[in-house]
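What follows is the residue order along each chain.
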Amino acid sequence: MDDALFERILVPIASPDDAEETARAVRPHLDSDTTLIVTHVTQGTAAETTMKTGRDQFAGATYERFVDILYRDDLQFEWATLEGREVAEALVDAIEMVEATLVAFTPRDMDTWERTIAGDPGGTLIREADVPVMVFPNQQA
């Protein structure tokens, strides 16, 4: 398999609990020298996705939980807080902005009503991403 595929992995996380679940799911599959671009999407109103680098506000606590579970000296971390109207759209836009080679996430627990309102962000991301998307099972389920 092409090692370049796993160079820069975009990892979306939604909350501190989701950050923990995602970190536990991806941890056994990471090689050394991988860069993890950990991202959180906040609701925005502009048509374009915007990105802030660094750890701030709500995302700070979420990112902390991720690092507490996953921190290894042989991994590099980047932090990107995205603002967009729709989660999947913002993530698809971010792939190019952060030069991700892969997207990795765990599915979010959503009931039918939530999925209808949110538009199934995971499915949309899988269909629209220009890079491979890996979906890891939730280790807590």
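Everything discussed here concerns the structure shown above.
Parameters at a glance
Residues numbered from 1 in each chain as written. Predicted model: local features only at pLDDT ≥ 70, side-chain atom pairs only at ≥ 80, totals over all residues. Heavy atoms only, no water. Helix = DSSP H or I, 4+ residues; strand = E, 2+ residues; numbered from the N terminus. Buried < 20%, exposed > 50% of the residue type's maximum accessible area, 1.4 Å probe, protein only. Areas by Shrake-Rupley, 256 points an atom, 1.4 Å probe, with all protein chains shown as cover. Salt bridge = Lys/Arg side-chain N within 4 Å of Asp/Glu carboxyl O. Phe/Tyr/Trp six-rings, centres within 6.5 Å; stacked < 30°, edge-to-face > 60°. Core = buried A, V, L, I, M, F, W, Y, C linked by side-chain atoms within 4.5 Å. Patch = residues over 30% accessible without salt bridge, like charges linked within 9 Å, V, L, I, M, F, W, Y side chains within 5 Å. Lys, Arg positive; Asp, Glu negative; His and termini not counted. Charge placed at Lys NZ, Arg CZ, Asp CG, Glu CD. Pairing = 2+ DSSP bridges.

K.L.:
Tell me about the overall build of the protein chain, and please be specific about residues and values.
P.N.:
Helices and strands together make up the secondary structure of the protein chain, namely five helices and six strands. For the protein chain, the succession of helices and strands along the chain, N to C, is β-α-β-β-α-β-α-β-α-α-β. A burial count over the protein chain gives 44% of its 141 residues as buried. Counting every atom, the protein chain has about 7,800 Å² of accessible surface; 49% of that belongs to carbon and sulfur.

K.L.:
Let's hear about the pattern of salt bridges: which residues, and what values?
P.N.:
Scanning all chains against the criterion turns up five salt bridges. Shared partners join several salt bridges into a network, and the residues in it are D17, E20, R24 and R65.

K.L.:
Break down the packing of aromatic side chains for me, with residues and values.
P.N.:
What the rule picks out here adds up to four aromatic pairs. Each ring, one from Y71 and one from F77, has its centre 6.3 Å from the other, and the planes form 15 degrees; the classification is stacked. The class of F77 is buried, set by a relative accessible area of 18%.

K.L.:
Give me the nonpolar core: which residues, what numbers.
P.N.:
Membership of the largest hydrophobic core comes to 22 residues, with the highest contact counts inside it found for I9, L36, V38, F66, L70 and F77. Elements with a contribution of two residues or more to this core: β1 (8-12), α1 (16-26), β2 (35-43), α2 (57-70), β4 (76-84) and β5 (102-105). Ranked by residues supplied to this core, first place goes to α2 with five residues. Core analysis: the next-biggest nonpolar cluster, separate from the first, contains 17 residues, L10, A80, V103 and A129 among them.

K.L.:
I'd like a description of helix α3 (residues 87-97), backed by residues and values.
P.N.:
The set of residues buried in α3 consists of A88, A90, L91, V92, A94 and I95. Just downstream of α3 lies E99, where phi reads positive at about 55 degrees.

K.L.:
Now, about a negative patch on the surface: what can you tell me, with residues and values included?
P.N.:
On the surface, E86, E89, D93, E96, E99, E128 and D130 cluster together into a negatively charged patch. Element by element, the count of residues in the negative patch is highest for α3, at three residues. Mapped onto the secondary structure, E99 falls in the loop between α3 and β5. For E99, a relative accessible area of 58% gives the class exposed.

K.L.:
Break down the pairing of β5 for me, with residues and values.
P.N.:
Of the two faces of β5, the one lined by L102 and A104 and the one lined by V103 and F105 are each fully buried. As paired strands, β1 and β5 are joined by two bridges and run parallel to one another. Following the sheet pairing, I9 is matched in β5 by L102. Bridge count for β5 against strand β6 (residues 133-135) is three bridges, and the pairing is parallel. Looking across to β6, one finds that F105 is bridged to V135.

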